[in-house]
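Structure assessment
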Amino acid sequence: AFLPAAVKYNAAISSRSNNGAAAVIEATSSSSSSSLQSSSSSSDEFTGFGNTGFLILAGGTGSRMKANMPKQFLTLRTCPVLHYSLHLFLEKLPAYCAQKGWTPPAQVVLVMDPKYQPEYQPIVDAYGGKLAFANPGEERQGSVENGLNKLVELTGEEVEYIAVHDSARPLVTIPEILDVVSDAQSVGAAVLGVPCKATIKESDDGVTVQRTIPRARLWEVHTPQVVRVEALLRGFDKVARENLEVTDDVSIIEALGEPVKLTLGEYTNLKITTPEDMDVACAILADRGEEEIVLGGTNGGGGSGVSGGSSGAMEAVMDLSSGSTPTGRGADGALVNPFATPARLAHEKDHNSMKGARFTDHYDTGRTYPARPTPSKWQE
């Protein structure tokens, strides 16, 4: 389902010649197949994430949300969508690893537009080097390549695998992450996915049905997508040389002719794309009874915390975690939210300005369409 098309790819990434990345290719390519074989045959016991770095993609614009800000900054229940991924990889997963006696994630890289990075600098500072920024590319594959190069720069040969996760998927679970990382360590690459439930029809013009595609062999892929770092570096070189266009991360591995394991995930790992998706995500979180999302180790989790950080940084992290992203202080000394209009504050759910959105709570959404009965997507 994800074969690369031979179209023009404008490679705007100058860091491909990064010395650290080249060193990793040279040092690992000769032994990649043998090490992979030995790791899969020696033991099936999972020991943790010490050889795995996590890349969170948060550089998108989210135009389909019709909101006044990128979708990763929209408030989902109590905090921005992005914070669920940050909390998972920096707090929940390390705490879970500590309980199991496993190694925690080696490094987390956050791909984010530079204009938003100053607002999240307090969170980066709070984790003492475990979290770092990378700039987005023109397309997804450019963002992934930038994040990969940053990961290699920070960790060298310490990290063998990279797990790429879309920040618009805030509902991924720890068991899913364990399964997909474990599969990647056995095979070399793995992707979360679920069997396609919908009937898929193909059309050339968007008007007339050409054919119905049998869904028995179709899978809907999710994230994280986990790939051996050395293979992904080789894949990006191939993409640039042959002007290939790839639709997701494991497509690069497919282009190399190497296997990718399908790891069965959960249908609840949805991607926030439209206003209706926010309703569904809220219902799933309510059903799970998720705990409060707090970053910086302030909730006693297993993350690095804010030891050694200033009280100002701690305050900023706590404010960021509660959904109010600060950019400075107002006349009254309070932290100011750059995303809110003068009439609305960040803790008010309707500040997201999703025109025509249907919420299940009692907030006035200012709907512009006539009220009418509609089937519930969550019920479906």
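From a predicted model like this one, the values you see are computed outputs, not experimental measurements. (Residues numbered from 1 in each chain as written. Predicted model: local features only at pLDDT ≥ 70, side-chain atom pairs only at ≥ 80, totals over all residues. Heavy atoms only, no water.)

Topic: helix α9 (residues 275–288)
For α9, with 14 residues, the first-to-last C-alpha span of 21 Å sits near the 20 Å given by 1.5 Å per residue. Inspection of α9 places Pro275, Asp277, Met278, Asp279, Val280, Ala281, Cys282, Ile284 and Leu285 among the buried residues, and these make up the whole buried set. Against the buried residues of α9 lie β3 (75–76) and α3 (81–100). Positive phi shows up at Gly289, right after α9, with a value of about 70°. (Helix = DSSP H or I, 4+ residues; strand = E, 2+ residues; numbered from the N terminus. Expected span 1.5 Å × (residues − 1). Buried < 20%, exposed > 50% of the residue type's maximum accessible area, 1.4 Å probe, protein only. Contact = heavy atoms within 4.5 Å.)

Some points on the packing of aromatic side chains
The final tally for this structure, using the stated rule, is seven aromatic pairs. Considering the side-chain rings of Phe46 and Trp102, the 5.0 Å spacing of their centres and the 80° angle between planes classify their relative orientation as edge-to-face. Highlighted residues: Phe46 in the loop between α2 (32–42) and β2 (52–58) and Trp102 in the loop between α3 and β5 (107–112), separated in sequence by 56 residues. By relative accessible area, Trp102 is classed as partly exposed at 22%. When the ring of Phe73 is compared with that of Tyr116, the centres are 4.6 Å apart and the planes differ by 55°; the resulting orientation is tilted. Residue Phe73 is located in the loop between β2 and β3, and its partner Tyr116 is located in the loop between β5 and α4 (117–126); the two are separated by 43 residues in the primary sequence. Neither Phe73 nor Tyr116 differs from the other in exposure class; each is buried. A connected cluster of aromatic rings, assembled from ring pairs, spans Phe46, Phe49, Phe54, Phe89, Tyr96 and Trp102. Note that Lys197 overlies the ring of Tyr267, its terminal NZ or CZ placed 4.3 Å from the centroid. (Phe/Tyr/Trp six-rings, centres within 6.5 Å; stacked < 30°, edge-to-face > 60°. Lys NZ or Arg CZ within 6 Å of the ring centre and 35° of its normal.)

Topic: the nonpolar core
Counting residues in hydrophobic clusters, the biggest one holds 53 residues, and the most contacted among them are Phe49, Phe54, Leu82, Leu86, Leu110, Leu131 and Ile177. Take this core: its biggest share by element is nine residues, from α3. Leave out the neighbours within four places in its chain, and Leu131 touches Leu86, Leu90, Gln107, Val108, Leu110, Ile123 and Val124. Judged by nonpolar contacts, the second largest core, of 29 residues, contains Ala134, Leu148, Val152 and Val164. (Core = buried A, V, L, I, M, F, W, Y, C linked by side-chain atoms within 4.5 Å.)

Description of helix α5 (residues 140–155)
Here α5 contains 16 residues, and its C-alpha end-to-end distance of 22 Å stays within 8% of the 22 Å for a straight helix at 1.5 Å per residue. In terms of burial, α5 is a largely internal element, twelve of the 16 residues being buried. Every buried residue of α5 is listed here: Gln141, Gly142, Ser143, Val144, Glu145, Asn146, Gly147, Leu148, Asn149, Leu151, Val152 and Thr155. Where α5 terminates, the next one or two residues include Gly156, which has phi positive at roughly 65°.

Points about the confidence of the model for the protein chain
A residue-level look at the protein chain finds 64% of positions with pLDDT of 70 or above and a mean pLDDT of 75. Scored below 50 in pLDDT, residues 1–43 makes 66 contacts in the model with residues more than four places away or belonging to other chains. Scored below 50 in pLDDT, residues 297–314 makes 28 contacts in the model with residues more than four places away or belonging to other chains. (pLDDT = per-residue confidence, 0-100.)

Some details on the pattern of salt bridges
The full count for this structure, using the stated rule, is nine salt bridges. A salt bridge links Asp166 to Lys271; the shortest N-O distance between them is 3.4 Å. On the criterion of sequence distance, the pair formed by Asp166 in strand β7 (residues 161–166) and Lys271 in the loop between β13 (261–264) and α9 is long-range, its members being 105 residues apart. For the salt bridge of Glu242 with Lys238, the shortest nitrogen-to-oxygen distance reads 2.8 Å. Taken together, the residues Glu242 and Lys238, both in helix α7 (residues 229–242) and four residues apart, mark about one turn of the helix. Judged by its relative accessible area of 39%, Glu242 falls in the partly exposed class. Three or more residues are tied together by salt bridges with common partners; here these are Glu230, Arg234 and Glu258. (Salt bridge = Lys/Arg side-chain N within 4 Å of Asp/Glu carboxyl O.)

Focus on the pairing of β2
For β2, the tally of buried residues reaches seven of seven residues, placing the bulk of the element in the interior. By the bridge criterion, six bridges tie β2 to β7 in an arrangement that is parallel. Bridging across to β7, Thr52 finds its partner in Tyr161. Sheet topology note: the β2/β5 ladder contains six bridges and is parallel. Paired with Leu55 across the two strands is Val109, which belongs to β5. (Pairing = 2+ DSSP bridges.)

What about the environment of Val226?
Looking at the secondary structure, you find Val226 in strand β11 (residues 219–228). Taking the C-alpha atoms as reference points, Val226 and Leu55, 171 residues apart in sequence, are found 9.9 Å from one another. Residue contacts for Val226: discarding those within four places in its chain leaves Tyr161, Ile162, Ala163, Val180, Val181, Ala184, Gly188, Ala189 and Ala190.

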